[in-house]
Amino acid sequence: ELFILPGFLIFGFLGIALVLGSLVWSLADFWPNPDGIGFVVEWDRVLDAGTLVILSSAGALLALVLLWKTAPIRWLESKLTVADNSPAPSPTVLGGAIHATEGAALPDIGAEGVVETALHPLGKVRIGNQYFEASAVLGSIAKGQRIRVVGYRSYSLLVESVDASDAVKEVET
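Residues numbered from 1 in each chain as written. Predicted model: local features only at pLDDT ≥ 70, side-chain atom pairs only at ≥ 80, totals over all residues. Heavy atoms only, no water.

Novice: I'm lost on the confidence of the model for the protein chain in this one. Help?
Specialist: Any segment with low pLDDT has predicted coordinates that should not be analysed in fine detail. Here the protein chain shows a mean pLDDT of 78. Residues at 70 or above account for 71%. Taken element by element, the predicted model of the protein chain shows its lowest mean pLDDT in helix α4 (residues 162-172) (57) and its highest in strand β3 (residues 112-115) (94). Confidence over residues 91-103 falls short of pLDDT 50; this stretch has nine contacts with residues more than four positions distant or in other chains. (pLDDT = per-residue confidence, 0-100. Helix = DSSP H or I, 4+ residues; strand = E, 2+ residues; numbered from the N terminus. Contact = heavy atoms within 4.5 Å.)

Right, dumping it as structure tokens:
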């Protein structure tokens with residue numbers, strides 16, 4: 001409905017009304033007229049069925065709201081959202097502006113740490129006792145390897161393996 005019909009809300013509400021109407025119809029008594037023309041409708045039962053459907057819908061909506069507000073959904077929320085600190089975005093991305101960070105400051109270039117989740121090329125690193133999102137300069141870096149911060153890129157640290165950078169320095173000398 002959303003992609004095909006421009007007035008999708010009309011059809012959505014019409015569908016909801018038809019579903020609720022079918023619930024009322026299924027709970028009320030509609031019998032064919034003995035004459036063969038029309039139906040015999042017991043309006044008291046239709047009113048009772050409508051009341052039952054409205055109260056049931058309101059009760060289900062109230063239960064959903066109460067569940068949403070009071071249930072311990074932190075486990076699901078923690079699986080769906082990122083709760084760790086990330087470094088400030090690159091000044092280049094922000095057009096030269098410097099973004100103030102709350103809490104811990106970004107590590108200096110040259111700071112060393114340990115890879116906490118493998119960088120393929122993105123993952124998490126620990127520098128001191130703080131965790132940061134990081135991106136490997138080249139390739140991937142396995143969990144547990146030592147890393148060195150060489151810059152900042154799009155909301156993450158840019159890091160390289162300490163072993164790889166030492167090997168490059170040995171080749172240059």
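Novice: Just to check I follow, could you spell out the environment of Val125 for this structure?
Specialist: Inspection of the secondary structure puts Val125 in strand β4 (residues 122-127). The spacing of Val125 and Gly113 is twelve residues in sequence and 6.8 Å in space, taken between C-alpha atoms. Discounting residues that sit within four places of it in the chain, Val125 has contacts with Val114, Val115, Glu116, Leu119, Gln130, Tyr131, Phe132, Ala134, Ile147 and Leu157.

Novice: How should I be thinking about the environment of Arg146 in this particular structure?
Specialist: With respect to the helices and strands, the residue Arg146 is situated in strand β6 (residues 146-153). Take Arg146: its relative accessible area is 39%, and that puts it in the partly exposed class. Along the primary structure Arg146 and Val114 are separated by 32 residues, whereas in three dimensions their C-alpha atoms are 4.6 Å apart. In this structure the side chain of Arg146 is engaged in a polar contact, spanning 3.3 Å, whose partner is the side chain of Glu112. (Buried < 20%, exposed > 50% of the residue type's maximum accessible area, 1.4 Å probe, protein only. Polar contact = N/O pair within 3.5 Å; in protein donor to acceptor, adjacent residues only side chain to side chain.)

Novice: I keep staring at the nonpolar core and nothing clicks. Help me out?
Specialist: Looking at soluble globular proteins, one finds that nonpolar side chains tend to be buried together. Counting residues in each nonpolar core, the largest one holds twelve residues, listed as Val115, Leu119, Val125, Ile127, Phe132, Ala134, Ala136, Ile141, Ile147, Val149, Leu157 and Val159. Every element with two or more residues in this core is listed here: β4, β5 (130-136), β6 and β7 (156-161). Counting residues per element, this core draws most heavily on β5, at three residues. Val24, Ala28, Val46 and Ala49 belong to the second-largest nonpolar core, a separate cluster that totals five residues. (Core = buried A, V, L, I, M, F, W, Y, C linked by side-chain atoms within 4.5 Å.)

Novice: Sorry if this is basic, but what is going on with the pattern of salt bridges here?
Specialist: Opposite charge on two side chains makes pairing possible when the charged atoms of those side chains draw close. Taken as a whole and assessed by the stated rule, the structure comprises four salt bridges. A salt bridge links Arg45 to Glu42, with the shortest nitrogen-to-oxygen separation between them at 3.8 Å. For Glu112, the salt bridge is made with Arg146, and the minimal N-O distance between the two is 3.3 Å. Here Arg146 lies in strand β6 and Glu112 lies in strand β3, a separation of 34 residues in the sequence. The structure contains a network of salt bridges with shared partners spanning Glu112, Arg146 and Arg148. (Salt bridge = Lys/Arg side-chain N within 4 Å of Asp/Glu carboxyl O.)

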